[in-house]
Amino acid sequence: MCVWNEGRKGGGVFIVIEGLDGAGKSTQADMLVERLKKSSFDAVKLKEPTNGRWGTEIRRIAEEGREHLSPDEEAELFIKDREEDSRLNIIPALSAGKIVVMDRYINSNAAYQGALGLEPEMIFKKNAGFPQPDAVFFLELTPEEGLRRVNQRGAANAGFEKIDYLKKVHDIFNGDAGGFKKMIRIDALKPPEKIAEIVWQNVAPLLKK
Ligand code: TMP
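Residues numbered from 1 in each chain as written. Predicted model: local features only at pLDDT ≥ 70, side-chain atom pairs only at ≥ 80, totals over all residues. Heavy atoms only, no water.

(A) How the structure looks around the sheet that holds strand S2 (residues 43–47). In spatial order, the strands read S2-S3-S1-S4-S5; together these five strands make up an open sheet with parallel pairing. Single-partner strands in this sheet number two, and they are S2 and strand S5 (184–187). Neighbour-to-neighbour, the strand axes of the sheet open up by a mean angle of 20°, direction not taken into account. Relative to strand S4 (residues 135–140), strand S1 (residues 13–19) runs parallel, the two sharing five bridges. (Pairing = 2+ DSSP bridges. Helix = DSSP H or I, 4+ residues; strand = E, 2+ residues; numbered from the N terminus. Axes fitted to C-alpha atoms, helices over the stretch in contact; angles between N-to-C directions.)

(B) Local environment of helix H2 (residues 25–38). For H2, which comprises 14 residues, the first-to-last C-alpha distance of 20 Å matches the rise-based estimate of 20 Å (1.5 Å per residue) to within 8%. Looking only at H2, the buried set comprises Lys25, Gln28, Ala29, Leu32, Val33 and Leu36. The arc enclosing the buried residues of H2, seen along the axis, measures out at 135°, which places them on a common side. Exposed residues pointing more than 90 degrees away from the buried face of H2 are listed as Lys37 and Lys38. Each element contacted by the buried residues of H2 is listed here: S1, S2, strand S3 (99–103), S4 and helix H10 (192–203). (Expected span 1.5 Å × (residues − 1). Buried < 20%, exposed > 50% of the residue type's maximum accessible area, 1.4 Å probe, protein only. Arc of directions from axis to C-beta. Contact = heavy atoms within 4.5 Å.)

(C) Spatial organisation of the layout of surface pockets. Put simply, the second largest pocket is a space of about 420 Å³. Where the lining of the second largest pocket is concerned, the elements lending two or more residues are S1, helix H5 (106–114), helix H6 (120–126), S4 and helix H9 (178–181). Take the lining of the second largest pocket: its biggest share by element is three residues, from H6. Classifying every residue of the lining of the second largest pocket by side-chain character gives 11 nonpolar, four polar and five charged. (1 Å grid on protein atoms, 1.4 Å probe; cavity = no way out; pocket = protein on both sides within 12 Å on 5 of 7 lines; lining within 4 Å. Points joined across faces, edges and corners; volume = space filled by probe spheres on them. Nonpolar A, V, L, I, M, F, W, Y, C, P; charged D, E, K, R; others polar.)

(D) Quick peek at the packing of helix H7 (residues 143–152) against helix H8 (residues 163–173). Between H7 and H8, the least distance of the axes is 9 Å, while the angle of their chain directions is 125°. Here H8 runs oblique to H7, going by the angle between their axes. At the point where H7 passes H8, the crossing takes the right-handed sense. Contacts from Pro143, Glu144 and Leu147 of H7 reach H8 at Ile163, Leu166, Lys167 and His170. In terms of residue class, the contact of H7 with H8 is built from four nonpolar, one polar and two charged. (Parallel < 35°, antiparallel > 145°, perpendicular 65-115°, else oblique. Left-handed = near helix turned anticlockwise from the far one by under 90°.)

(E) Geometry of the packing of aromatic side chains. All chains considered together, the criterion is met by six aromatic pairs. Summarising the aromatic geometry, the rings of Phe138 and Phe173 are spaced 4.7 Å apart at their centres and angled 40° between planes, so their arrangement reads as tilted. Residue Phe138 is found in strand S4, and its partner Phe173 is found in helix H8; the two are separated by 35 residues along the sequence. Ring plane angle 75° and centroid distance 5.7 Å describe the contact between Phe173 and Phe180, whose orientation is recorded as edge-to-face. In terms of burial, Phe173 and Phe180 fall into one category: buried. Cluster of aromatic residues (ring-pair linked, three or more members): Tyr112, Phe124, Phe138, Tyr165, Phe173 and Phe180. Geometry around Tyr165 places Arg66 over its ring, the cationic atom sitting 4.6 Å from the centre. (Phe/Tyr/Trp six-rings, centres within 6.5 Å; stacked < 30°, edge-to-face > 60°. Lys NZ or Arg CZ within 6 Å of the ring centre and 35° of its normal.)

(F) Spatial organisation of the nonpolar core. Ranked by size, the top nonpolar core spans 55 residues in total, and within it Leu36, Ile99, Phe173 and Phe180 carry the most contacts. Contacts of Phe180, omitting those with residues within four sequence positions, involve Asn107, Ala110, Ala111, Pro120, Phe124, Ile172, Phe173, Gly175 and Arg185. Listed in part, the six residues of the second largest apolar core include Trp54, Ile58, Ile61 and Leu77. (Core = buried A, V, L, I, M, F, W, Y, C linked by side-chain atoms within 4.5 Å.)

Shape is all these values report; function is a separate question.
Written out as structure tokens, the structure is:
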């Protein structure tokens, strides 16, 4: 149960886009925000890990190697980042009636740290007090294709992106732990415009003018 959601006021809508690295989440988040703004909605794009204190620490670790962290410590860092993000960004935006489009959120926590051996349901429980999304999209592609795309663009996340690890992450995303069953799944190999249209068809009914 989400403590904050119970008293949620202000009429904001919370959309999350999930998927493996390389799935096109950021592109879709941008396209959705743009379309929302064109339709006169006050929309904001956020992402986790953030560029805040904890997010910066996470990126430093991703570049240098995560070996000295236990899975619990790693999960805890993402949760601290989420706590800060909720307090400073998500809750104020939703309370002001904005539409928040988030690139990665709790499901990434459950899948990526679950793949280190933690129980996904336990991770969902630890995240239960944060604002819960109104819709979560999952851009689906194989770990091999995700890694190929990431390598092509020379991204800096090497520490988090080994193929065996990504296969475990992928399996967990496709498992039936609570937060994964409710995701709206879209084939990430479809053209970006087509994906954006499917996203829009699902978001439009959630919008109140
Ligand atoms: P990014 O490439 O989308 O910025 O994400 C950086 C990495 O962080 C990515 O490999 C997924 C990972 N991640 C987690 O491991 N746990 C989390 O809770 C989140 C939000 C991201």
